[in-house]
Amino acid sequence: MFIKATKKEMAKYTLQELIDFAEKMHAKAEAITPRLQRTTGMDKWYRNSLPVLCGEIQKRQLAAKDKGEAYPVFS
């Protein structure tokens with residue numbers, strides 16, 4: 001599964017799926033060397049898409065909190 005950081009694409013997934021994906025990609029980026037990050041494009045994804053993804057997660061968490069609903073968090 002790979003999630004593009006667009007509103008249309010992120011709308012297809014639940015909050016928990018977005019959190020799991022962000023954690024998985026963060027772990028992958030931390031596990032590889034900086035050179036490999038550059039050659040695979042992971043560094044660009046990490047700089048550009050991860051903040052957008054985390055912003056969407058935070059927006060959904062705040063909306064759930066305002067409604068008084070339970071919401072998942074990062075582990």
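This text follows the structure it describes.
Scope of this entry: the structure provided in the associated data block.

Thresholds, definitions, all that
Residues numbered from 1 in each chain as written. Predicted model: local features only at pLDDT ≥ 70, side-chain atom pairs only at ≥ 80, totals over all residues. Heavy atoms only, no water. Axes fitted to C-alpha atoms, helices over the stretch in contact; angles between N-to-C directions. Helix = DSSP H or I, 4+ residues; strand = E, 2+ residues; numbered from the N terminus. Parallel < 35°, antiparallel > 145°, perpendicular 65-115°, else oblique. Left-handed = near helix turned anticlockwise from the far one by under 90°. Contact = heavy atoms within 4.5 Å. Nonpolar A, V, L, I, M, F, W, Y, C, P; charged D, E, K, R; others polar. Core = buried A, V, L, I, M, F, W, Y, C linked by side-chain atoms within 4.5 Å. Buried < 20%, exposed > 50% of the residue type's maximum accessible area, 1.4 Å probe, protein only. Phe/Tyr/Trp six-rings, centres within 6.5 Å; stacked < 30°, edge-to-face > 60°.

The geometry of helix α2 (residues 15-31) relative to helix α4 (residues 42-67) is characterised by a closest axis approach of 10 Å and an angle of 150° between their N-to-C directions. When the axis of α2 is compared with that of α4, the two are roughly antiparallel. The interaxial crossing formed by α2 with α4 has left-handed handedness. Of the residues in α4, those touching α2 at Leu15, Leu18, Ile19, Phe21, Ala22, Met25, His26, Lys28, Ala29 and Glu30 are Met42, Trp45, Tyr46, Leu50, Leu53, Glu56, Ile57, Arg60 and Gln61. Class assignment for the residues of the contact of α2 with α4 results in 13 nonpolar, 2 polar and 4 charged.

Here we come to the nonpolar core. Grouped together as the largest cluster of nonpolar side chains are 15 residues, with contacts concentrated most on Ile3, Leu18, Phe21, Trp45, Leu53 and Ile57. A total of 7 residues in this core trace back to one element, the largest contributor, which is α2. Not counting residues up to four positions away in its chain, the partners in contact with Ile3 are Glu9, Met10, Tyr13, Leu18, Phe21 and Trp45.

Within this structure, the stated rule accounts for 1 aromatic pair. Taken together, a centroid distance of 5.9 Å and an interplanar angle of 85° make the contact between Phe21 and Trp45 edge-to-face. Here Phe21 is found in helix α2, whereas its partner Trp45 is found in helix α4, with 24 residues between them in sequence. What makes Trp45 buried here is its relative accessible area of 9%.

Bringing the environment of Ala64 into the picture now. Mapping Ala64 onto the fold places it in helix α4. The exposure class of Ala64 is buried, given its relative accessible area of 8%. Once you skip the residues sitting within four places of it in the chain, Ala64 turns out to touch Glu69 and Tyr71.

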